[in-house]
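# Coordinate inspection notes
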Amino acid sequence: MSQMIINTSILVRQMVIRQVEAIPEDLFDIQPEAFNNTIRWNIGHIVSALNGLLSRGGVSLDIHLPESYNVLFLTGSKPSEWTITPPSKEELLQYLKEQLQALSEISPTILDNIMEPPVQLGPMKFEKFGELFSFTTIHETMHTNTISCLLKVIKHKQG
């Protein structure tokens, strides 16, 4: 069962990479009305969130992201408020792929580890690492869907 959870996470990341590779970078920074962020922000948030969430559970992917990612892609941040240059599509893909490799090296046995103290994210409380790990996959899927929605709206507006 634990290996299936990891395999699902790997599959989701492979899908994200294929999706990002297919999007022209000139669409990455268009922010349609009714959206809080852009395609570039969602990709960067996926990368940053995985590193941050897993480290809260005591697991390091050994992927050292630039310090700027914490500012650019933190929950609640907005591209309209950026004062530094965001990473390129190529750089974001590099980190997505490095994390994919790191995910494939996670041992299923650690998913049963109890976290002391538990990780609290808003109303959610994660007591086992596997719960937090599963949430990262759900989180990634939600942002992948947002990227798809952004892309549809952008392409519709472009006619």
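Residues numbered from 1 in each chain as written. Predicted model: local features only at pLDDT ≥ 70, side-chain atom pairs only at ≥ 80, totals over all residues. Heavy atoms only, no water.

The protein carries the name DinB superfamily protein in an unreviewed UniProt entry, which gives Paenibacillus macquariensis as its organism.

### Notes on the overall build of the protein
The line we're drawing: Counting from the N terminus, the helices are the DSSP runs of H or I reaching at least four residues and the strands are the DSSP runs of E reaching at least two. Partly exposed describes any residue whose relative accessible area lies between the buried limit of under 20% and the exposed limit of over 50%, with all areas from a 1.4 Å probe on protein chains only and scaled to the type maximum. Contact between two residues is taken to exist if any of their heavy atoms lie within 4.5 Å; hydrogens are not considered. Accessible surface is estimated by sampling points in the Shrake-Rupley manner with a 1.4 Å probe; for residues, cover comes only from the protein chains shown. Under this rule, positive means Lys or Arg and negative means Asp or Glu; His and the chain ends count for nothing. Here the site of a charge means NZ on Lys, CZ on Arg, CG on Asp, or CD on Glu.
On a plain count of helices and strands, the protein comes out with five helices and two strands. The helix and strand sequence of the protein, counted from the amino end, reads α-α-α-α-β-β-α. Once the C-alpha set of the protein is aligned to its principal axes, its extents read approximately 50 × 25 × 25 Å. When each of the 159 residues of the protein is scored for burial, the buried share is 46%. A separation threshold of at least 6 residues defines the contact pool for the protein, and within that pool the share at least 24 residues apart is 71%. A total of about 8,700 Å² of accessible surface is found on the protein, and carbon and sulfur atoms cover 55% of it. Computed over 12 positive and 17 negative side-chain charges, the inter-centroid distance for the protein is 7 Å.

### Here we look at the side chain of Glu140
On the secondary structure map, Glu140 appears in helix α5 (residues 129-158). What makes Glu140 buried here is its relative accessible area of 5%.

### Section: the packing of aromatic side chains
Put simply, the rule reads: Aromatic pairs are defined between Phe, Tyr and Trp rings, using the six-membered ring for Trp, whenever the two ring centres lie within 6.5 Å; interplanar angles under 30 degrees are classed as stacked, those over 60 as edge-to-face, and all others as tilted.
Counting across every chain of the model gives five aromatic pairs. When the ring of Tyr69 is compared with that of Tyr95, the centres are 5.6 Å apart and the planes differ by 80 degrees; the resulting orientation is edge-to-face. Of this pair, Tyr69 sits in helix α3 (residues 68-73) while Tyr95 is found in helix α4 (residues 89-104), placing the two residues 26 residues apart along the sequence. Here Tyr69 and Tyr95 have matching classes, each one buried. Relative to Phe135, the ring of Phe126 has its centre 5.4 Å away and its plane inclined at 40 degrees; by these criteria the two rings are tilted. Given the relative accessible area of 15%, Phe135 is considered buried. Taken together, Tyr69, Phe73, Trp82 and Tyr95 form an aromatic cluster joined through their ring pairs.

### A look at the nonpolar core
The test is simple: We define the nonpolar core as a collection of buried residues of types Ala, Val, Leu, Ile, Met, Phe, Trp, Tyr and Cys that are connected through side-chain atoms lying within 4.5 Å of one another.
Formed by 47 residues in total, the largest nonpolar core has its most connected members in Ile39, Ile43, Leu54, Leu96 and Phe133. Of all the elements in the fold, those that place two or more residues in this core are α1 (2-22), α2 (39-56), α3, α4, β1 (114-121) and α5. In terms of residues, this core owes the most to one element, α2, which gives nine residues. When neighbours within four sequence positions are excluded, Ile43 is seen to be in contact with Val20, Phe28, Leu92, Leu96 and Ile147.

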